[in-house]
Amino acid sequence: MKVKINRNAAKVLKEMLKTAEEGQMFRVIITHMHGDHAHYDLVLDTPKEHDEVVKTDKDIDIILDSREEYLNGVWIQYFYVPREEFVITNPSKGGHHHH
């Protein structure tokens, strides 16, 4: 499975990991589905039986549930403007972007 992460997101996630409990990593979860696309969120968690720990090129490991096809190929971005927020999309699954 694949995850892409932008530089801003890596920086923010690394800061957040400093206060995480030992062994915890970020997991991308699906908050809800809309037919052809999903909405995602990030939570701190530890890997479970069906999970895959995906290494990114930014030295951050992300947990994905290997049974969930909509998680494969997610792109985690962080923006400072117009407001500070994570934007998680899956370009390989289509869907819309929030502006």
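Residues numbered from 1 in each chain as written. Predicted model: local features only at pLDDT ≥ 70, side-chain atom pairs only at ≥ 80, totals over all residues. Heavy atoms only, no water.

Comments concerning the overall build of the protein
Phase 1: Tallying secondary structure elements over the protein gives one helix and seven strands in all.
Phase 2: In the protein, the succession of helices and strands from N to C terminus is β-α-β-β-β-β-β-β.
Phase 3: For 99 residues, the compact-globule estimate of 2.2 N^0.38 gives 13 Å, and the C-alpha radius of gyration of the protein, at 13 Å, lies within 12% of that figure.
Phase 4: With respect to the three principal axes, the spread of C-alpha positions in the protein is 35 × 35 × 20 Å.
Phase 5: Taken across its 99 residues, the protein has 36% of its residues classed as buried.
Phase 6: Taking contacts inside the protein between residues at least 6 apart in sequence as the whole, the part at least 24 apart equals 51%.
Phase 7: Counting every atom, the protein has about 6,400 Å² of accessible surface; 50% of that belongs to carbon and sulfur.
Phase 8: Taking the 13 positively charged and 17 negatively charged side chains of the protein as two groups, their mean positions are separated by 6 Å. (Helix = DSSP H or I, 4+ residues; strand = E, 2+ residues; numbered from the N terminus. Rg over C-alpha atoms; globule rule 2.2 N^0.38 Å. Buried < 20%, exposed > 50% of the residue type's maximum accessible area, 1.4 Å probe, protein only. Contact = heavy atoms within 4.5 Å. Areas by Shrake-Rupley, 256 points an atom, 1.4 Å probe, with all protein chains shown as cover. Lys, Arg positive; Asp, Glu negative; His and termini not counted. Charge placed at Lys NZ, Arg CZ, Asp CG, Glu CD.)

Considering the sheet that holds strand β7 (residues 85-89)
The strands making up a sheet associate through backbone hydrogen bonding, with each pair oriented either parallel or antiparallel.
Phase 1: If you trace the three strands from one edge of the open sheet to the other, you get β1-β6-β7, paired in mixed fashion. Where the open sheet ends on each side, the last strands, each with one partner, are β1 (3-5) and β7. With strand direction ignored, the average angle separating the axes of adjacent strands in the sheet is 15 degrees.
Phase 2: Relative to strand β6 (residues 74-79), helix α1 (residues 7-17) is tilted by about 80 degrees, and along the sheet it contacts β1, β6 and β7. (Pairing = 2+ DSSP bridges. Axes fitted to C-alpha atoms, helices over the stretch in contact; angles between N-to-C directions.)

Things to note about the nonpolar core
Phase 1: Core analysis: the largest hydrophobic core is formed by 21 residues, its most contacted members being Val28, Tyr40, Ile62, Leu64 and Ile76.
Phase 2: For this core, the secondary structure elements donating two or more residues are β1, α1, β2 (25-34), β3 (37-45), β5 (61-65) and β6.
Phase 3: Per element, the largest residue contribution to this core is four residues, and it comes from α1.
Phase 4: Those residues within four positions of isoleucine 76 in sequence are excluded, and the remaining contacts are Val3, Lys4, Ile5, Asn6, Ala9, Val28, Leu42, Ile62, Phe86, Val87 and Ile88. (Core = buried A, V, L, I, M, F, W, Y, C linked by side-chain atoms within 4.5 Å.)

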